[in-house]
Amino acid sequence: MKGGKLIVFSAPSGSGKTTIVRHLLAQEPLNLAFSVSVTSRAPRGDEKDGEDYYFISTEEFKKHIRNNDFLEWEEVYRDNFYGTLHSEVNRLWDEGKNVIFDIDVVGGLRIKKKYPEKTLSVFVEPPSVDELKIRLKNRKTESDEKIDMRIAKASIEMATAPQFDHIIVNDNLEKALEEAEDLVAGFISEETHSEEE
Ligand code: 5GP
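What you see is a predicted model, and the numbers here were worked out from it, not measured in a lab.

Reading the values: the criteria
- Residues numbered from 1 in each chain as written.
- Predicted model: local features only at pLDDT ≥ 70, side-chain atom pairs only at ≥ 80, totals over all residues.
- Heavy atoms only, no water.
- 1 Å grid on protein atoms, 1.4 Å probe; cavity = no way out; pocket = protein on both sides within 12 Å on 5 of 7 lines; lining within 4 Å.
- Points joined across faces, edges and corners; volume = space filled by probe spheres on them.
- Helix = DSSP H or I, 4+ residues; strand = E, 2+ residues; numbered from the N terminus.
- Nonpolar A, V, L, I, M, F, W, Y, C, P; charged D, E, K, R; others polar.
- Buried < 20%, exposed > 50% of the residue type's maximum accessible area, 1.4 Å probe, protein only.
- Polar contact = N/O pair within 3.5 Å; in protein donor to acceptor, adjacent residues only side chain to side chain.

(A) Spotlight on the layout of surface pockets. Roughly 950 Å³ of internal volume is contained in the largest pocket. Surrounding the largest pocket, 39 residues form its lining, Thr18, Arg44, Tyr53, Asp102 and Arg139 being those nearest its centre. At the level of elements, α1 (17-25), β5 (70-77), β6 (80-85), α5 (129-139) and α6 (144-158) are the ones that each hand at least two residues to the lining of the largest pocket. Per-element accounting of the lining of the largest pocket gives the leading share, six residues, to α1. For the lining of the largest pocket, the per-class residue count stands at 11 nonpolar, 12 polar and 16 charged.

(B) Representation of unusual backbone geometry within the structure. Although it is not a glycine, Asn31 sits at a positive phi angle of roughly 55°. By the element assignment, Asn31 lies in the loop between α1 and β2 (32-34).

(C) Just the side chain of Lys118, in detail. In this fold, Lys118 is placed in the loop between α4 (105-114) and β8 (119-125). For Lys118, a relative accessible area of 7% gives the class buried. Here Gly4 takes part through its backbone oxygen, which lies 3.2 Å from a polar atom of the side chain of Lys118.

Dropping the structure here:
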């Protein structure tokens, strides 16, 4: 069976997981590459197509669902679809990389279930829902209505934390980055038994 390891980082929006994932990607010995997801939501801020996401229409997204192109997909927020294409993971595996994912809790657990041996699933926990609200407001990229939608979902997502291999509490970013690096380095150096899809 081909392919490197799969490293899943899941967390409520605003918990700092993207910062952690970016930090890990910069550590060359980890040999990580980012799985670029497909989404039907509009680009935010200076997000780039093909780097942050592949931005497509809802129609195109539904066509991918019908064609069984997804390893996993979710309607994370109402009318906002997100998914990981098989072709994306295969592309990165063909490059000899370990693949890192920044995806929602349901998608993250789905990948872990599909590849239990080769996946490390990590939940990044914000110090509190109040702190999350402050971070999302400071980010100033979304309307109050959208922020409220993300906060409502965060409480539900927090309840899934015990199902992950590890929980990193992000109350001190420097500590969280160090913990993530140690965790991923340890997992990547472990042998895995082969797993067929
Ligand atoms: P955002 O709109 O803030 O970029 O992402 C919203 C949520 O969707 C985040 O929790 C993000 O990690 C998640 N997400 C991004 N890509 C995927 C994906 O391919 N699959 C799933 N299930 N969730 C994703």
